[in-house]
Amino acid sequence: MSDSMDSYPDIGFTEKSVLQSFLKAMDDLAKNAGIKINVIVRPHPFRGGDAAEAFNYETLNLRKVLHNPVSARGSDPENNYTMEQLLYAADLVVGTFNNPLITAKICGRPVVHYLPGINPKYEFQKFMSDQGLSTRVTQEGMLSVVLEGILGGRIMQKSMDSVHGAIDRVAALL
């Protein structure tokens, strides 16, 4: 999951830097494990330029797909999957901060908020890591450790099962 950082010029990273750092960590993980890993990057649906530029980072052990999702403004006909379909298919969802990371957690996926070098004044979605729903990584050197821990089952996160059936519970109250 990526998003543009233009609104936060002092955040401490750019979409390009965070995505390239993530791709490097995933490529190293795949190389060390001797496996190929599929990485789907979902750029912000209306601002994909930054992600596309960062996506050009060369990786030898990753199969990368830049996915422009079905959106309210139309869709890329070659990528006719909804965001939710992609989330349900994922083993792990990594992003900086945005609402789709909450959706990923609701879909039952492990979530990593990757914010290398973030200015401490920004606490985007910190409530998720504070409650054990996601893992917040603010140092580039820790990303590989966290990725290996989550994918290897050594780092566990709480689920958001309580949100399932919420509409039915509200309707019953009415």
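Treat the numbers as computed from the prediction; the structure is a model and nothing was measured. (Residues numbered from 1 in each chain as written. Predicted model: local features only at pLDDT ≥ 70, side-chain atom pairs only at ≥ 80, totals over all residues. Heavy atoms only, no water.)

(A) Region of the structure containing the environment of Gly149. Tracing the backbone through its elements, the reader meets Gly149 in helix H6 (residues 143-151). Excluding anything up to four places from it in sequence, Gly149 contacts Arg154 and Ile155. (Helix = DSSP H or I, 4+ residues; strand = E, 2+ residues; numbered from the N terminus. Contact = heavy atoms within 4.5 Å.)

(B) Quick peek at helix H4 (residues 99-106). By the burial criterion, the buried members of H4 are Pro100, Leu101, Ala104 and Lys105. Each buried residue of H4 sits inside an arc of 150° when the element is viewed along its axis, so together they form one side. Contacts from the buried residues of H4 go to helix H3 (83-89), strand S3 (93-95), strand S4 (111-114) and helix H5 (126-130). Of the residues flanking the end of H4, it is Gly108, one or two places downstream, whose phi is positive at about 90°. (Buried < 20%, exposed > 50% of the residue type's maximum accessible area, 1.4 Å probe, protein only. Arc of directions from axis to C-beta.)

(C) Summary view of the packing of helix H1 (residues 15-33) against H6. Taken N-terminus to C-terminus, the directions of H1 and H6 make an angle of 55°; their axes are 9 Å apart at the nearest point. Regarding the angle of H1 to H6, the classification is oblique. Two packed elements cross with a definite hand, and for H1 against H6 that hand is right-handed. Contact residues: Ser21, Phe22, Ala25, Met26 and Leu29 in H1; Leu143, Ser144, Leu147, Glu148 and Leu151 in H6. Split into classes, the residues belonging to the contact of H1 with H6 amount to 7 nonpolar, 2 polar and 1 charged. (Axes fitted to C-alpha atoms, helices over the stretch in contact; angles between N-to-C directions. Parallel < 35°, antiparallel > 145°, perpendicular 65-115°, else oblique. Left-handed = near helix turned anticlockwise from the far one by under 90°. Nonpolar A, V, L, I, M, F, W, Y, C, P; charged D, E, K, R; others polar.)

(D) Seen up close, the pattern of salt bridges. Enumeration over the complete set of coordinates arrives at 3 salt bridges. A salt bridge links Lys24 to Asp28, with the shortest nitrogen-to-oxygen separation between them at 2.9 Å. With Lys24 and Asp28 both in helix H1 and 4 residues apart, this pair spans about one turn of that helix. Residues Lys126 and Asp130 are paired through a salt bridge, measuring 3.0 Å at the closest nitrogen-oxygen approach. Residue Lys126 and its partner Asp130 are both found in helix H5; the two are separated by 4 residues, about one turn of the helix. Given the relative accessible area of 28%, Lys126 is considered partly exposed. (Salt bridge = Lys/Arg side-chain N within 4 Å of Asp/Glu carboxyl O.)

(E) Just the sheet that holds S4, in detail. Read from one edge of the open sheet, 3 strands run S3-S4-S5, paired in parallel fashion. Strands with a single pairing partner mark the edges of an open sheet, and in this sheet they are S3 and strand S5 (135-137). Taking the axes of each pair of neighbouring strands and ignoring which way they run, one obtains an average angle of 20° across the sheet. (Pairing = 2+ DSSP bridges.)

(F) Structural view of the side chain of Thr59. Within the element layout of this structure, Thr59 appears in the loop between helix H2 (49-55) and strand S2 (62-66). Every residue in contact with Thr59, bar those within four places of it in the chain, is listed here: Leu23, Asp27 and Lys64.

(G) Expanded view of the nonpolar core. With 30 residues, the main nonpolar core has Phe22, Val112, Tyr114, Leu143 and Leu147 as its most contacted residues. Contributions of two or more residues to this core are made by H1, strand S1 (37-41), H2, S4 and H6. By residue number, the principal contributor to this core is H1, which donates 8 residues. Those residues within four positions of Phe22 in sequence are excluded, and the remaining contacts are Val39, Val94, Tyr114, Leu143 and Leu147. If you look at the next biggest cluster of nonpolar residues, it comprises 7 residues, including Met83, Leu87, Val93 and Leu101. (Core = buried A, V, L, I, M, F, W, Y, C linked by side-chain atoms within 4.5 Å.)

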